[in-house]
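# Working through the structure, step by step
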Amino acid sequence: TVTQTLSKGLKSFTGGIESGARFLTYGTVAAYGMSRGIGAIAGAYGRVEEAQTNFTTMLSGNKDAAKKLTKELYTFAAQSSFGFNDLANASTRLFTSGAGNADNMVSKLKMLGDLAMGSPDKLERLSLVYSQIMANMKADTRDLQQFGDAGIGLRAELMKDLGMEAGKFKEELEAGRISSAMVEKTLKRMTGVGGQFFNATSARFNTLFGQWDAFKEKTVMMFAGIGKAAEEPMKRFIKEMIKKLDT
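Now for a description of the structure that goes with this document.

Cut-offs used in this document
- Numbering of residues starts from 1 in each chain and follows the order in which that chain's sequence is written.
- With the structure being a predicted model, the display of local features is reserved for residues of pLDDT at least 70 and the display and counting of side-chain atom pairs for 80 or more, all residues being used for whole-chain, interface and lining totals.
- Side-chain metrics rest on all non-hydrogen atoms present in the structure, leaving aside hydrogens and water.
- A helix here means a DSSP run of H or I that spans at least four residues, while a strand means a run of E at least two residues long, and both kinds are numbered starting from the N terminus.
- Each residue is assigned to one of three classes by its accessible area relative to the maximum for its type, calculated with a 1.4 Å probe on protein chains only: buried under 20%, partly exposed between the two thresholds, exposed over 50%.
- Here a residue-residue contact requires only that any non-hydrogen atoms of the pair lie within 4.5 Å.
- Note on areas: Shrake-Rupley with a 1.4 Å probe; residue coverage comes only from the protein chains shown.
- In what follows, salt bridge is the name for a side-chain nitrogen of Lys or Arg lying within 4 Å of a carboxyl oxygen of Asp or Glu.
- For the purposes of this section, nonpolar cores are sets of buried Ala, Val, Leu, Ile, Met, Phe, Trp, Tyr and Cys residues that join through side-chain atoms within 4.5 Å.
- For helices, the axis comes from a line fit to the C-alpha atoms of the stretch in contact; other axes are also lines fit to C-alpha atoms, and the angle between any two N-to-C directions lies between 0 and 180 degrees.
- Angle categories: roughly parallel below 35 degrees, roughly antiparallel above 145, roughly perpendicular from 65 to 115, and oblique for all the rest.
- Polar here means any residue other than Ala, Val, Leu, Ile, Met, Phe, Trp, Tyr, Cys and Pro, which are nonpolar, and Asp, Glu, Lys and Arg, which are charged; Gly is therefore polar.
- The directions considered for the arc are those from the helix axis to the C-beta atoms.
- Crossings are assigned a handedness: left-handed for a near helix turned anticlockwise from the far helix by less than a right angle, right-handed for a clockwise turn.

On to the overall build of the protein chain, then. The secondary structure content of the protein chain amounts to 12 helices and 0 strands. Buried positions account for 35% of the 247 residues belonging to the protein chain. Within the protein chain, contacts between residues separated by at least 24 positions form 63% of all contacts whose residues are at least 6 apart in sequence. Accessible surface for the protein chain amounts to roughly 14,800 Å². Of this, 59% is attributable to carbon and sulfur atoms.

A few words now on the side chain of Thr186. Inspection of the secondary structure assignment puts Thr186 in helix α9 (residues 180–191). Discounting residues that sit within four places of it in the chain, Thr186 has contacts with Leu154, Glu157, Leu158 and Asp161.

Counted under the stated rule, the structure contains 11 salt bridges. For Glu72, the salt bridge identified is with Lys68, shortest N-O distance 2.7 Å. Residue Glu72 and its partner Lys68 are both found in helix α2 (residues 63–78); the two are separated by 4 residues, about one turn of the helix. When the shortest N-O distance is used, the salt bridge between Arg189 and Asp161 registers 2.9 Å. Separated by 28 residues along the polypeptide, Arg189 in helix α9 and Asp161 in helix α7 (residues 154–162) bring together distant segments of the chain. A single salt-bridge network, built from bridges that share partners, covers Glu157, Lys160, Asp161 and Arg189.

Right, let's get into unusual backbone geometry. A positive phi angle, close to 55°, is found at Ser60, a residue other than glycine. Considering the arrangement of structural elements, one finds Ser60 in the loop between α1 (2–58) and α2. Relative accessible area serves as the criterion here: at 71%, Ser60 is assigned to the exposed category. Phi is positive for Met137, which is not a glycine, with a value near 65°. Residue Met137 is classed as exposed on the basis of its relative accessible area, which comes to 60%.

Our next topic: the nonpolar core. By size, the foremost hydrophobic cluster in this structure holds 46 residues, and its most contacted members are Leu115, Leu126, Phe147, Ile152, Leu154 and Leu187. Once residues lying within four places of it in the same chain are set aside, the contact partners of Ile152 are Leu115, Leu126, Phe147, Met190 and Phe197.

Time to look at the packing of helix α5 (residues 120–136) against α9. Where α5 contacts α9, the two axes come as close as 8 Å, and the packing angle between them is 140°. On the basis of their axis angle, the class for α5 and α9 is oblique. Facing α5, whose interface residues are Tyr130, Ile133 and Met134, α9 presents Ser180, Val183, Glu184 and Leu187. Residues that form the contact of α5 with α9 fall into these classes: 5 nonpolar, 1 polar and 1 charged.

Time to look at helix α8 (residues 166–174). Of the residues making up α8, those classed as buried are Phe169, Glu172 and Leu173. Down the axis of α8, the sector holding all buried residues measures 100°, keeping them to one side. Exposed residues lying more than 90 degrees from the buried face of α8 are Gly167 and Glu174. On its buried side, α8 packs onto α6 (141–149) and α7.

Contact geometry for helix α3 (residues 84–97) and helix α4 (residues 105–115): axes closest at 11 Å, N-to-C directions at 110°. Regarding the angle of α3 to α4, the classification is roughly perpendicular. In the packing of α3 onto α4, the handedness of the crossing is right-handed. Between α3, through Leu87, Ala90, Ser91, Leu94 and Phe95, and α4, the contact on the second element is made entirely by Met105, Lys108, Leu109 and Leu112. A breakdown of the residues in the contact of α3 with α4 according to their chemical character gives 7 nonpolar, 1 polar and 1 charged.

Set out below in structure tokens:
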């Protein structure tokens, strides 16, 4: 009948719409997933590439030294709960303040990392205040307070090393006579063998949170490795995608 024919036609029409919708949905999901995957790989390797480029600039164009430092940070990140980005950002602060160079950067980061007890957030704060002290060539009340806020009793440890009572220490601090060299010596003692913070980075690395942070960083580093191997094809692919979006 006419009614049956129309009914069959309508079902065929709506079925076609549903099939098309499913196709578009699956295609969108697939494209989204691929873009997310490429984004993760490009982002991971891009940050490493960017850090190495920045280091090259800070090292007066010495690409070999920049590459060596990048590799050292990569290795340090793999053996700690710090991410590569955490270490690269801290390195940039130390470079710009004159507190570190390519030869001693890893040892400086190891010292600050132990003081931070493996915490990426604390490393960021401590690398900033440490850089300020080194740049100013002296410590002030606010600097010591910032160490205290991070759970580090630097004031008391300096007093111990300098053999000063509280009143005398305050006088010397306010007069600007607590030098960056004094601070450096005390921090090295605190993180050296027998010190309160000796190997604190390794201690956190072995905790559940430390292992979780390490797992996440391993994943990022895996993506970075893929990105390095596929750098040129990925760049060509992304450029092609940009062209298609522009048309």
